[in-house]
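Chain by chain, the residues:
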Amino acid sequence: MTKYIFVTGGVLSSLGKGITAASVGTLLKHSGKNVGMLKIDPYINVDPGTMSPLEHGEVFVTKDGAETDLDIGNYERFLDTSFLKTSNFTTGQVYSSVIERERSGGYLGQTIQVIPHIVGEIVKRIKEAGEGHEVLIVELGGTVGDIEGLPFMEAIRQMKHDDEVEGTFFIHVTLIPFIKAAGELKSKPTQHSVQELRRIGITPQMIIARSELPLPKTFRKKLAMSCDVSSNSVIEALDAASIYDVPMSFLRQNILGPIAKELGFDELNPNMEEWDALVKKIVQPKKRVVVGFVGKYLQLKESYKSLTESLIHSGAHLDTRVEICWVDSEAIEARGAQELLKDCDSVLVAGGFGNRGVEGKIEAIKYARENKIPYLGICLGMQLTLVEYARNVLGFEGANSVEFDENTPYPMIYLIDNFLDQSGNTQLRTHKSPMGGTLRLGEYPCDTKDGSLLRKAYGGAKTIFERHRHRYEANPIYREALEGAGMIVTGESDGLIETVEIKGHPWFLGVQFHPEFTSRLQTPNPSILAFVQATLDAE
Ligand code: GLN
């Protein structure tokens, strides 16, 4: 039987509920517990796969190929665990399955209603996610009071009394604003938020209070009293120097005490030594490098969350602050790569979809290649290395990816119309395929070439496993031409070109996969680690 910790948010969004959930999970995991994580999202999209990164931040891809909320990325980075598609569901998925069941006669004449059917489906999915774990941490998207969150609230309320549930614990994350004019911290919004929770039958057992200033003892007491929790169950969450310090800060406040007591765990003593040492290197590293990060969704840095976190992980292991110099690919088109990248120790071109900014990325690649600057190209950033090489080394005028020019004379990157997906099913892909769920998604093996930077980065491994999210592939008919001119294929997956390198360049790697999805604080991704090391060597 599983115990459940529910994390809800009050007052406003962006308070760091995901980091809170992940931090509690980390402390329990390091105490030897088998922890599962689940994010439930009240939006109607079936998954975030079709949402703009500018709208919703990054789409995180799980090992089993689900496009999920970016919080699943936080869970994996903190808990050093690969979670599966069962770790995230949305209102869209809940309704889809209930309606499908209704259409196929699964409810035999009943009227289908939010209560009990939608709520019942939510409870069922939460329990499925909890199977096999001692404790499941469930983070509810949105804020208390949102109309679309109500069925989820009702579901977790009902679980308090469920015979199949061994115990429940409710954590509420809220904001304590500081009003400058009055010089005071204010508890009222939190009180209202807790009242709203109580109105729907949930009494939080712990308040995590986001605040700019430390909470004085008297304030804590007052907050505890008005929210009906004990004062050691008010945990303060100040802005942290690194998100990875949050578990340490919670631990110092003995967050596990009330959780263990309520859920009936014996004393919990997490071993956080290695973690703490890494956090210290993030906060006060000895060395520093600058990576030129070329992308197009720069207004919302959350769209590259996993990638920016992965640079922090590698930095921590190399005792280095990896500073990011954000370079908008469209600005390169206007001002040239040299001007914008000249102060960077290396160049990173991230993945992306759509035409905008592509020519600027190609210029950045040319600059890194010609000036022998360490280069890592991820997904689109790899595809464009082939386009750049074709145009500027092989002289293939008009070479492109068919994503950007359907009629290019040299389709270096093309569409495989008959594609075998992860479960062995044939996927038909054309330009007109629906957008949702037609990508190559999830983990695939990649065979590495002897003597390559890639194999070296992965400690000599002949086969590596990385995650994917793309529709187009490198076109094998140009392989011979490319290899004849010094661009070498160093990774292959089932006949597909996965990685390329350039002979004579100190460190140039293009990878079709997304290495950032498997990077964790404790185990940084090898491609990224080798890239940061190469950046250090070049500096
Ligand atoms: N747009 C490219 C494709 O679909 C690359 C995708 C990516 O970078 N994630 O193949």
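For the structure itself, look to the data block above.
Note that the structure is predicted; figures quoted are calculated from it, not measured.

**Student:** Explain the site of the ligand residue by residue, including any values.
**Tutor:** Taken together, Gly351, Gly352, Phe353, Cys379, Leu380, Gln383, Glu403, Arg469, His470, Arg471, Tyr472 and His514 make up all the residues around the ligand. Contact between the ligand and Arg471: an oxygen atom at 2.9 Å from a main-chain N or O atom of the residue. When the free accessible area of the ligand is taken as 290 Å², the share hidden by the protein chains comes to 99%. Every element with two or more residues in the shell around the ligand is listed here: α16 (380–392) and β21 (463–470).

**Student:** Report on unusual backbone geometry, specifying residues and quantitative values.
**Tutor:** Of note, the bond from Ile115 into Pro116 is cis; its omega dihedral lies within 30 degrees of zero at 10°. Note that Pro116 resides in helix α5 (residues 114–130). If you check the backbone angles, Lys372 has positive phi at about 55° while not being a glycine. Note on placement: Lys372 falls in the loop between α15 (358–370) and β15 (375–378). Judged by relative accessible area, Lys372 falls into the partly exposed class, the value being 46%.

**Student:** Which residues make up helix α3 (residues 70–79), and what values do they have?
**Tutor:** Among the ten residues that make up α3, ten are buried, leaving the element largely enclosed by the rest of the structure. Within α3, burial applies to Leu70, Asp71, Ile72, Gly73, Asn74, Tyr75, Glu76, Arg77, Phe78 and Leu79. Looking one or two places after α3, you find Asp80, whose phi comes out positive at around 55°.

**Student:** Please set out the pattern of salt bridges residue by residue, giving values where relevant.
**Tutor:** Under the counting rule described, the total for this entry stands at 38 salt bridges. Notably, a salt bridge pairs Arg125 with Glu121, separated by 2.8 Å at the nearest N-O pair. Residue Arg125 and its partner Glu121 are located together in helix α5, separated by four residues, close to a single helical turn. Residues Arg125 and Glu121 agree in their burial class; the two are buried. For Glu154, the salt bridge is made with Arg157, and the minimal N-O distance between the two is 2.9 Å. A residue pair is termed a helical-turn pair when its members lie 3 or 4 positions apart in one helix, as Glu154 and Arg157 do in helix α6 (residues 150–159) at three residues. With a relative accessible area of 24%, Arg157 lands in the partly exposed category. Residues joined by salt bridges that share partners form a network here, namely Lys39, Asp41, Asp69, Asp71 and Glu139.

**Student:** Hey, could you go over a nonpolar patch on the surface for me, with residue numbers and the actual values?
**Tutor:** On the surface, Tyr95, Ile99, Val114 and Ile115 cluster together into a nonpolar patch covering about 340 Å² of accessible area. Going through the elements one at a time, α4 (91–103) and α5 are the ones with two or more residues in the nonpolar patch. For Val114, the position within the fold is in helix α5. For Val114, a relative accessible area of 37% gives the class partly exposed.

**Student:** Pulling in residues and values, what's your account of the packing of aromatic side chains?
**Tutor:** Under the counting rule described, the total for this entry stands at 15 aromatic pairs. A ring pair is formed by Phe78 and Trp275, whose centres lie 5.7 Å apart and whose planes are at 40°; its orientation type is tilted. One end of the pair, Phe78, is in helix α3; the other, Trp275, is in helix α11 (residues 273–283), and 197 residues separate them in sequence. Judged by relative accessible area, Trp275 falls into the buried class, the value being 0%. Grouped by ring-pair contacts, the aromatic residues Tyr4, Phe6 and Phe170 constitute a single cluster. The ring of Phe89 is capped by Arg125, whose NZ or CZ atom sits 5.5 Å from the centre of that ring.

About the cut-offs
- Residues numbered from 1 in each chain as written.
- Predicted model: local features only at pLDDT ≥ 70, side-chain atom pairs only at ≥ 80, totals over all residues.
- Heavy atoms only, no water.
- Near = heavy atom within 4 Å.
- Polar contact = N/O pair within 3.5 Å; in protein donor to acceptor, adjacent residues only side chain to side chain.
- Areas by Shrake-Rupley, 256 points an atom, 1.4 Å probe, with all protein chains shown as cover.
- Helix = DSSP H or I, 4+ residues; strand = E, 2+ residues; numbered from the N terminus.
- Buried < 20%, exposed > 50% of the residue type's maximum accessible area, 1.4 Å probe, protein only.
- Salt bridge = Lys/Arg side-chain N within 4 Å of Asp/Glu carboxyl O.
- Patch = residues over 30% accessible without salt bridge, like charges linked within 9 Å, V, L, I, M, F, W, Y side chains within 5 Å.
- Phe/Tyr/Trp six-rings, centres within 6.5 Å; stacked < 30°, edge-to-face > 60°.
- Lys NZ or Arg CZ within 6 Å of the ring centre and 35° of its normal.

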